[in-house]
Amino acid sequence: MAIVNRLTVDGRDYFLPDPVSELKTKILEAIKAGGGYVNIPPLRGGPGVDILFSPGMPVTWSQFEVGDAPAPTDEPGEELPDYGL
C-alpha cells in the first residue's frame, strides 16, 4: 500500500507522495509572510507547479492509502442468457 496526499488549493487538487511535512512547512511560511510562491512537486516526475499562496486562500490536506488493483483474470464469468430480443 502506498500513501498519497491530496492538496486542494482554491478548488484544484494536487496529488503528492509521502513525506509532505517539508512542503507543509514551506506553505505555512509563505502564508505567514503575507504570500509567496511554493513549488508543488509532481506525483511521478517533472518540474512541478509554482503556486502563489496567500492569507485567506483555502488550502486543504487529505491523506489516503492506495493499494494495487487485482490483476484481471482470463476465466470466463457466468454467461448471460440470450433471450432472442
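Anything mentioned here points back to the structure above.
Remember, it's a predicted structure, so these values are computed and weren't measured experimentally.

Enquirer: Can you help me understand the packing of aromatic side chains in this one?
Expert: Aromatic rings in a pair are described by how distant their centres are and how their planes are angled relative to each other. Scanning the entire structure with this criterion turns up one aromatic pair. With a centroid separation of 6.4 Å and 80° between ring planes, the pair formed by phenylalanine 15 and phenylalanine 64 is classed as edge-to-face. On the criterion of sequence distance, the pair formed by phenylalanine 15 in strand β2 (residues 12-17) and phenylalanine 64 in strand β5 (residues 59-66) is long-range, its members being 49 residues apart. For phenylalanine 64, a relative accessible area of 32% corresponds to the partly exposed category. Sitting over the face of the ring of tryptophan 61, lysine 24 holds its NZ or CZ atom 5.1 Å from the ring centroid.

Enquirer: Explain a nonpolar patch on the surface to me, please; I cannot follow it from the model alone.
Expert: Nonpolar side chains collect at one region of the surface, where Phe15, Leu43, Phe64 and Val66 lie side by side and expose about 310 Å² of accessible area between them. Among the secondary structure elements, leucine 43 is positioned in the loop between β3 (36-40) and β4 (49-53).

Here is what the cut-offs are and how they apply
- Residues numbered from 1 in each chain as written.
- Predicted model: local features only at pLDDT ≥ 70, side-chain atom pairs only at ≥ 80, totals over all residues.
- Heavy atoms only, no water.
- Phe/Tyr/Trp six-rings, centres within 6.5 Å; stacked < 30°, edge-to-face > 60°.
- Helix = DSSP H or I, 4+ residues; strand = E, 2+ residues; numbered from the N terminus.
- Buried < 20%, exposed > 50% of the residue type's maximum accessible area, 1.4 Å probe, protein only.
- Lys NZ or Arg CZ within 6 Å of the ring centre and 35° of its normal.
- Patch = residues over 30% accessible without salt bridge, like charges linked within 9 Å, V, L, I, M, F, W, Y side chains within 5 Å.
- Areas by Shrake-Rupley, 256 points an atom, 1.4 Å probe, with all protein chains shown as cover.
- Salt bridge = Lys/Arg side-chain N within 4 Å of Asp/Glu carboxyl O.

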